[in-house]
Amino acid sequence: MKIAFCCANIKAEPWLQGLAAALQDIDGGVEVSAWEPGAPPADYAVVWVPPQQFIDEQSALKAVFNIGAGVDRLLELRLPPSLRVVRMDDAGMAVQMAEYVSQALIRHFRGLDLYEARMREGDWSYIHPPRREDFPVGVMGLGVLGERVARTVAQFEFPVLGWSRSPKAIEGVRSFSGASGFDEFLAATRVLVNLLPLTPETQGIMNRGTLSRLRAGAYVINVARGAHLVEEDLLALIDEGHIAGATLDVFRTEPLPAGHPFWQHPKITITPHTSARTLRDESIAQIAGKIRALERGDAVTGVVDTARGY
Ligand code: NDP
Ligand code: OXD
């Protein structure tokens with residue numbers, strides 16, 4: 001079995017060794033190599049933002065494994081309609097996302113930034129504790145990551161709402177779905193968490209129109225994709241006082257360009273697309289398990305519906 005590794009900006013060697021070790025006992029043996037133009041056809045591919053040439057040349061793939069949860073960049077390529085695209089599902093990302101969103105929410109809710117500034121000035125004074133009921137958290141996208149985030153936040157006894165394409169039954173989460181449920185979801189939300197995939201339907205979904213419908217004093221946590229947010233609209237709504245601030249992990253242009261207003265904005269906390277990193281060992285174990293399942297003819301989870309876009 002041949003496996004081609006084609007991941008932009010990722011050191012190949014540990015992946016090649018890890019995949020070879022995880023599949024060493026497969027029937028007929030395994031050869032894992034970093035792809036180069038003109039390489040012989042592989043049976044499986046492990047990719048992150050591969051070039052179109054890779055897809056065009058590798059026409060015998062039984063499956064392509066995307067080593068991230070989001071497949072938006074991969075689906076920008078011309079893919080053969082029959083190509084099976086498999087994304088990472090969880091593989092250690094859900095717990096990271098839950099801790100990242102929880103810290104952003106709690107930091108805002110408890111006023112920890114303000115305390116930090118006061119402590120530096122030797123100011124030993126308290127902020128009146130806010131009421132949890134006044135901070136309903138709305139999670140857009142209740143998939144592998146969003147559901148985990150919603151359940152975790154519910155543990156802290158915040159009211160939790162969720163919005164997805166299809167209705168969900170998640171304990172402690174009020175579920176809204178589809179276009180018809182969106183307005184009610186927004187109107188009831190104070191802290192908006194975005195965990196949608198980037199698709200033509202969700203591009204720019206956080207804009208003046210939608211963000212204005214959130215409860216006054218809203219807070220935005222974007223951990224999905226930069227193109228979900230109309231950045232200028234967020235800045236304007238913060239200036240106007242409708243939105244209290246934001247924690248942003250993803251941006252329209254990454255790395256965030258020098259001079260971008262987000263770098264220095266006092267009400268915006270930024271991180272460099274790091275809320276849930278791909279974990280190599282967990283990902284290799286998941287990919288190897290799925291290759292074994294596919295070889296046996298079994299179904300695997302995480303297969304992308306390329307027409308739907310996630
Ligand atoms: P899933 O595919 O498991 O979940 C997607 C969710 O979004 C589903 O609940 C789906 O609804 C919902 N959804 C999709 N389209 C719509 C729509 N048009 N309207 C309403 N709901 C919709 O994805 P994951 O949870 O694994 O990942 C989510 C995203 O997080 C990724 O696509 C990626 O962009 C981002 N991400 C960011 C990372 C970071 O470090 N910042 C790391 C990892 C991922 P339904 O359930 O009904 O299908
Ligand atoms: C992902 C990401 O999609 O890292 O997994 O953003």
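For the structure, check the block above.
What counts and what doesn't
Residues numbered from 1 in each chain as written. Chains lettered and ligands numbered in written order. Predicted model: local features only at pLDDT ≥ 70, side-chain atom pairs only at ≥ 80, totals over all residues. Heavy atoms only, no water. Helix = DSSP H or I, 4+ residues; strand = E, 2+ residues; numbered from the N terminus. Rg over C-alpha atoms; globule rule 2.2 N^0.38 Å. Buried < 20%, exposed > 50% of the residue type's maximum accessible area, 1.4 Å probe, protein only. Contact = heavy atoms within 4.5 Å. Areas by Shrake-Rupley, 256 points an atom, 1.4 Å probe, with all protein chains shown as cover. Pairing = 2+ DSSP bridges. Axes fitted to C-alpha atoms, helices over the stretch in contact; angles between N-to-C directions. Phe/Tyr/Trp six-rings, centres within 6.5 Å; stacked < 30°, edge-to-face > 60°. Lys NZ or Arg CZ within 6 Å of the ring centre and 35° of its normal. 1 Å grid on protein atoms, 1.4 Å probe; cavity = no way out; pocket = protein on both sides within 12 Å on 5 of 7 lines; lining within 4 Å. Points joined across faces, edges and corners; volume = space filled by probe spheres on them. Near = heavy atom within 4 Å. Polar contact = N/O pair within 3.5 Å; in protein donor to acceptor, adjacent residues only side chain to side chain. Nonpolar A, V, L, I, M, F, W, Y, C, P; charged D, E, K, R; others polar. Salt bridge = Lys/Arg side-chain N within 4 Å of Asp/Glu carboxyl O.

A. Just the overall build of the protein, in detail. Tallying secondary structure elements over the protein gives nine helices and 12 strands in all. Here the C-alpha radius of gyration of the protein, 21 Å, is about what a compact globule of 310 residues would show, namely 19 Å. Principal axes of the C-alpha set define a box for the protein whose edges measure 70 × 45 × 30 Å. Split into buried and exposed, the 310 residues of the protein put 48% on the buried side. Long-range contacts, defined here as pairs at least 24 residues apart, represent 61% of the contacts in the protein between residues at least 6 apart. When the accessible area of the protein is evaluated, it comes to approximately 15200 Å², of which 51% is carbon and sulfur surface.

B. Local environment of the sheet that holds strand β2 (residues 31-34). Overall, parallel pairing links the five strands, which are arranged β2-β1-β3-β4-β5 in an open sheet. The open sheet terminates on both sides in strands that have one partner only, identified here as β2 and β5 (85-87). Across the sheet, the mean angle from the axis of one strand to that of its neighbour is 20 degrees, orientation sign disregarded. When strand β1 (residues 2-7) meets β2, the two strands line up parallel, connected through four bridges. Within β2, the residue paired with I3 across the bridge is V32. Each of β1, β3 (44-48), β4 (63-66) and β5 is contacted by helix α9 (residues 280-296), which is oriented at about 160 degrees to β4, the strand it contacts most.

C. The arrangement of the side chain of S102 in detail. Tracing the backbone through its elements, the reader meets S102 in helix α3 (residues 93-109). Overall, the relative accessible area of 8% leaves S102 in the buried class. What S102 contacts, discounting residues up to four positions off in sequence, is T152 and F156.

D. Local environment of the packing of aromatic side chains. Tallied over the full model, the rule gives 10 aromatic pairs. Residues F109 and F158 carry aromatic rings whose centres are separated by 4.9 Å and whose planes lie at 75 degrees to one another, so their mutual orientation is edge-to-face. On the criterion of sequence distance, the pair formed by F109 in helix α3 and F158 in the loop between α5 (144-155) and β7 (160-164) is long-range, its members being 49 residues apart. Here a set of aromatic residues connected by ring pairs shows up, and it is made of W163, F176, F182 and F185. R132 extends its terminal NZ or CZ atom over the ring of F158, reaching a point 5.3 Å from the ring centre. Directly above the ring of Y310 sits R308, whose terminal nitrogen or CZ lies 3.7 Å from the centroid.

E. Layout of the layout of surface pockets. Counted as a void, the second largest pocket has a volume near 350 Å³. Looking at the second largest pocket, it is lined by 17 residues, and the ones nearest its centre are H108, G111, D113, Y219 and A244. Breaking the lining of the second largest pocket down by element, the ones donating at least two residues are α3, α4 (112-120) and β11 (243-248).

F. Expanded view of the pairing of strand β9 (residues 191-194). Of the two faces of β9, the one holding V191 and V193 and the one holding L192 and N194 are both buried throughout. As judged from the four bridges shared by strand β6 (residues 137-140) and β9, these two strands associate in the parallel manner. Along β9, the bridge assignment pairs V137 with V191.

G. Broad picture of the site of ligand 1. The environment of ligand 1 is made up of 31 residues, and the closest members are R87, L145, S166, K168 and Y310. S166 is positioned with one of its side-chain polar atoms (N or O) 2.5 Å from an oxygen atom of ligand 1. For ligand 1, whose free accessible area comes to 950 Å², the fraction covered by protein is 93%. A total of three residues in the shell around ligand 1 trace back to one element, the largest contributor, which is α5. Broken down by class, the residue content of the shell around ligand 1 amounts to 15 nonpolar, nine polar and seven charged.

H. The arrangement of the pattern of salt bridges in detail. By the definition in use, this model includes 17 salt bridges. We note a salt bridge from E31 to K2, for which the minimum N-O separation is 3.5 Å. With a gap of 29 residues between them, E31 in strand β2 and K2 in strand β1 connect regions that are remote in the sequence. Classification of E31 by relative accessible area gives partly exposed; the value is 44%. The exposure class assigned to K2 is partly exposed, which follows from its relative accessible area of 29%. Residues R107 and D113 are paired through a salt bridge, measuring 2.8 Å at the closest nitrogen-oxygen approach.

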